[in-house]
Amino acid sequence: MVDRFTKTVRVIIVGVNEQERERDILDATADLLLRVGYNKLTMGDVADAVALHRGLVYLRFKSKDELVEAVVLRELDRYADAWREQVEDDPRGGSVASVYRAMVHALKALPLASAIVARDAEVFGKYLRKRPSFFERRPNAMGTSEFLQVMQDAGTVRRDVDVQAVAFILDALTPALRSTFPGESGQPSSDEVLETLADMLETLAPAHGGDLETGKAVLLSGLEQARADQGGQES
C-alpha cells in the first residue's frame, strides 16, 4: 500500500516537473526568437537558457521547427485570450471599432504575437519560406472584407457601407498600426492612432448604434471556431 502511494506521488511530481520544464523551454524560445530571430536560434541556445542538456530539449521537441511551432501555437492562444478579454470588457464590444481596439491592445502586450500576425521576417526569417511551415498549414483566417460582411449582416455596420472599399483601407492601415509599437519620437502613440481609427470606424455603425450584442456574439463565436480549427490542426 505504501509502495503504491509512493509510486503515485512520484508520477505526479515527475508530471509537474515535465510541465514546468516544457514551459521553461517555450519561454526561453519565445525570448530568443524576439532577441536573435529564427535564423540564429539554436537548440543549444535554448538548452543553455534553461540550464538543461541539449538532449533533454530534443527529447521533448524533435527539431527547432517543432519547437518554434509549439511556441507559435501557445502565443496565438494567449493572443486569443487577450483579444477575447478586450472585446468582452469594451462597452462598445461588438462594433468594428472594438475589434481594432482589442487587436491593438492585445498585440501591444504580446510582442511575439505581433510578430506572428505580421509574419515578421526579422523574427521568423527562413522559417517563413519553409514548406510546409506553420504559416503555410495554418487554416486561412477570415479576411477583412469577409469579417466586415459578417458584421454588416449582424447589424453593426450600415447597409450602405462598401465593405470591400473599407477592407482595402483597413488592410493598408494595419501594418502602420503595428509600426507604432513602441513608437518613435515625433510619431503619434499607438493609443492616439488607435483612438482616431476607432472614431473613424464608429461612423460605420448605424445611426442607432447597431446590434452590439449580436455583433459581440458573432465575434466571440468566430474566435472560438478559429481556436477549434487551430486545435484540430495541432492534433
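Conventions and cut-offs
Residues numbered from 1 in each chain as written. Predicted model: local features only at pLDDT ≥ 70, side-chain atom pairs only at ≥ 80, totals over all residues. Heavy atoms only, no water. Helix = DSSP H or I, 4+ residues; strand = E, 2+ residues; numbered from the N terminus. Buried < 20%, exposed > 50% of the residue type's maximum accessible area, 1.4 Å probe, protein only. Phe/Tyr/Trp six-rings, centres within 6.5 Å; stacked < 30°, edge-to-face > 60°. Lys NZ or Arg CZ within 6 Å of the ring centre and 35° of its normal. Salt bridge = Lys/Arg side-chain N within 4 Å of Asp/Glu carboxyl O.

Visitor: When you look at unusual backbone geometry in this model, what are you seeing that I'm missing?
Guide: Among all residues except glycine, the phi angle is most often negative; among peptide bonds, the trans geometry is most common. Backbone geometry at A51 places phi at a positive 55°, although glycine is not the residue there. Relative to the helices and strands, A51 resides in the loop between α2 (43-49) and α3 (54-60). Of the residues examined, A51 reaches a relative accessible area of 70% and is grouped as exposed. Its identity as a non-glycine residue notwithstanding, R119 has a phi of 50°, on the positive side. With respect to the helices and strands, R119 occurs in the loop between α6 (111-118) and α7 (121-124). With relative accessibility at 42%, the residue R119 sits in the partly exposed group.

Visitor: For this particular structure, what's the right way to read the packing of aromatic side chains?
Guide: How two aromatic rings sit relative to each other is given by the distance of their centres and the angle of their planes. Scanning the entire structure with this criterion turns up one aromatic pair. Arranged with centres 5.4 Å apart and planes meeting at 45°, the rings of Y38 and Y127 form a pair that is tilted. With Y38 in the loop between α1 (2-36) and α2 and Y127 in the loop between α7 and α8 (134-137), the pair connects residues that are 89 residues apart, well separated along the chain. The exposure classification of Y38 matches that of Y127, with both residues buried. Above the ring of F61, the side-chain terminus of R60 is found at 4.5 Å from the ring centroid.

Visitor: Just checking my understanding: could you explain the pattern of salt bridges for this structure?
Guide: Two side chains bearing opposite charge may form a pair once their charged atoms approach each other closely. Under the defined criterion, the tally for this structure stands at 13 salt bridges. For R35, the salt bridge is made with D31, and the minimal N-O distance between the two is 2.9 Å. Separated by four residues within a single helix, R35 and D31 lie in helix α1, roughly one turn from each other. Assessed through its relative accessible area of 37%, D31 is described here as partly exposed. Here D160 ties to R158 by a salt bridge, and the two come within 2.8 Å at their closest N and O atoms.

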